[in-house]
Amino acid sequence: MQQSASAAPAVTPPKSPKAPSGTKLFFKTLMKQRALVMMSVPFVIWLFIFRYLPVWGWTLAFQDYRPGRSFSEQEWVGFKHFAFLFQDDSFYRVMRNTFAMSFINLILGFVLAITLAILLNELKNIVFKRVVQTISYMPYFLSWVVAASIVMVALSPEDGVVNQVLMGLGIIDKPVMWLGEGSYFWGIFAASETWKNLGWNTIVYLAAITVIDPSQYEAADIDGANRFRKIWHITLPGMRPVIIVLLILNIGQVLETGFEAQYLLKNPANMDYAETLELFVIRWGINFGNYSFATAAGIFKTVISFTLLFAANSLAKRLGQDRLF
């Protein structure tokens, strides 16, 4: 059929501008967020100078480093120091201590911090809640020098409060040299870390609780749920993303137990249970001047930490949980 000459022509809709993509989108977003980018520049510079630039020092692990020689004059020895590291019996003792203290600290830190945060959230008396929070936060601001002195005085076999209380309760019949027995050291370290950092660790969990929708608790009240049911079905699931992210981060730092507490509380009697990987690196690097061997031990720690971090993150991804990346 022939189309009539008087029929109106078809209207073509105007073409929408093509959305930028690739490099154009990157620079457009960069210009749009230039204020945030400029604020992050100092931190990127700090990160590069203090975190990435020192990685150049890893070359020491593959040399028989001698101070005073130029880089080209150093003797390259390949993986000699790594081989010696795995042949050293004290290295396995140090790894045992590091893993034991890390896992004890990880479990106690998580369980007690989450429990304290939930208990503080359930407190209805605001004044009492603030007092408890302040008392629990205060030890965090003590330096480990002061904290270790308090721990040593409390555990003193002469007039320490721990021995006095245990003898008063009839649990022991004579004072115990707690820091003189190596087998007690892991427990003393865990108790000291918990006392010093428990209050501070609850801050993140209390912040996570505050973002839970209050209407969920109101609906639970209407349904007749008691306080334990509300904690189990509302509070803990609401905290789960934060718990998982912090758990992944802490698993990645399993070999970084710190060295201040162990360094200040150790003595020749408990050294076999107190020395961690970080003290091992300090002993070989500073005391013995074997920088190459100490660097090899440090590289081993970094590689294991990265492996644990990626493994924990991948496991969380497979389980369908929140993750870092």
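Nothing here was measured: the structure is a model prediction, and the numbers come from that model.

Novice: Give a detailed account of the overall build of the protein chain, specifying residues and quantitative values.
Specialist: On a plain count of helices and strands, the protein chain comes out with 14 helices and 2 strands. A compact globule built from 325 residues would reach a C-alpha radius of gyration of about 20 Å, whereas the protein chain, at 29 Å, exceeds it by more than 25%. Dimensions of the protein chain, computed from C-alpha atoms along their principal axes, come out at roughly 115 × 75 × 35 Å. In the protein chain, the proportion of contacts linking residues at least 24 apart, taken out of those at least 6 apart, comes to 65%. Of the accessible surface of the protein chain, which amounts to about 21300 Å², a share of 66% is contributed by carbon and sulfur atoms.

Novice: Could you give an account of the UniProt feature "transmembrane region" (unreviewed entry) in the protein chain, naming the residues involved and the relevant values?
Specialist: In this structure's numbering, the residues bearing the UniProt feature "transmembrane region" (unreviewed entry) are residues 35-53, 99-123, 135-155, 175-192, 237-255 and 293-316. Across residues 175-192, the secondary structure splits into 44% helix and 0% strand, with the terminal C-alpha atoms separated by 20 Å.

Novice: Before we move on, could you go through the confidence of the model for the protein chain and cite the residues and values that matter?
Specialist: Taken residue by residue, the protein chain gives an average pLDDT of 88. The fraction at 70 or more is 94%. For the protein chain, per-element mean pLDDT is lowest for helix α1 (residues 22-32), which scores 85, and highest for helix α6 (residues 144-154), which scores 94.

Novice: Got a sec to walk through the UniProt feature "domain: ABC transmembrane type-1" (unreviewed entry) in the protein chain? Specific residues and values, please.
Specialist: Per the UniProt entry, the sites bearing "domain: ABC transmembrane type-1" (unreviewed entry) are residues 95-312 in this numbering. For residues 95-312, the end-to-end C-alpha separation is 20 Å, with 74% helix and 0% strand making up the annotated structure.

Novice: Would you mind going over the packing of helix α3 (residues 80-87) against helix α14 (residues 291-318) in detail, with residue names and values included?
Specialist: Across the interface, α3 lies against α14 with an axial gap of 9 Å and an inter-helix angle of 75 degrees. Comparing their axes, α14 and α3 come out roughly perpendicular. Here His81, Phe82, Phe84, Leu85 and Phe86 of α3 come into contact with α14, specifically with Ser292, Phe293, Ala296, Ala297, Ile299 and Phe300.

Novice: Describe the environment of Tyr217, with residues and values.
Specialist: Along the chain, the position of Tyr217 falls in helix α9 (residues 214-222). Since its relative accessible area comes to 19%, Tyr217 is described here as buried. Apart from the residues within four sequence positions on either side, Tyr217 is in contact with Ile212, Lys230, Ile234 and Thr235.

What counts and how
- Within each chain, residue numbers correspond to sequence positions counted from 1 in written order.
- Totals for whole chains, interfaces and linings use every residue, but because this is a predicted model, local features are given only for residues with pLDDT of at least 70 and side-chain atom pairs only at 80 or more, for both listing and counting.
- Remark: hydrogens and water are excluded; side-chain values derive from all non-hydrogen atoms of the structure.
- Helix and strand definitions follow DSSP, with helices as H or I runs of at least four residues and strands as E runs of at least two, each counted in order from the N terminus.
- In this treatment the radius of gyration is a C-alpha quantity, and the globule benchmark scales as 2.2 Å times the residue count to the 0.38 power.
- The contact definition used throughout considers only heavy atoms, calling two residues in contact when any of these lie within 4.5 Å.
- Methods summary: accessible areas were calculated by the Shrake-Rupley approach with a probe of 1.4 Å, and residue burial reflects only the protein chains presented.
- UniProt positions are given in the numbering used here, feature names are shortened, and annotations may be inferred rather than shown by experiment.
- pLDDT runs from 0 to 100 and stands for how confident the predictor is about each residue.
- To get an axis, fit a line to the C-alpha atoms, keeping to the stretch in contact for a helix; angles then go from 0 to 180 degrees between the N-to-C directions.
- These descriptions rest on fixed angle ranges, namely under 35 degrees for roughly parallel, over 145 for roughly antiparallel, 65 to 115 for roughly perpendicular, and the rest for oblique.
- Any residue under 20% of the maximum accessible area for its type is buried, any over 50% is exposed, and the rest in between are partly exposed; the area is computed with a 1.4 Å probe on protein chains only.

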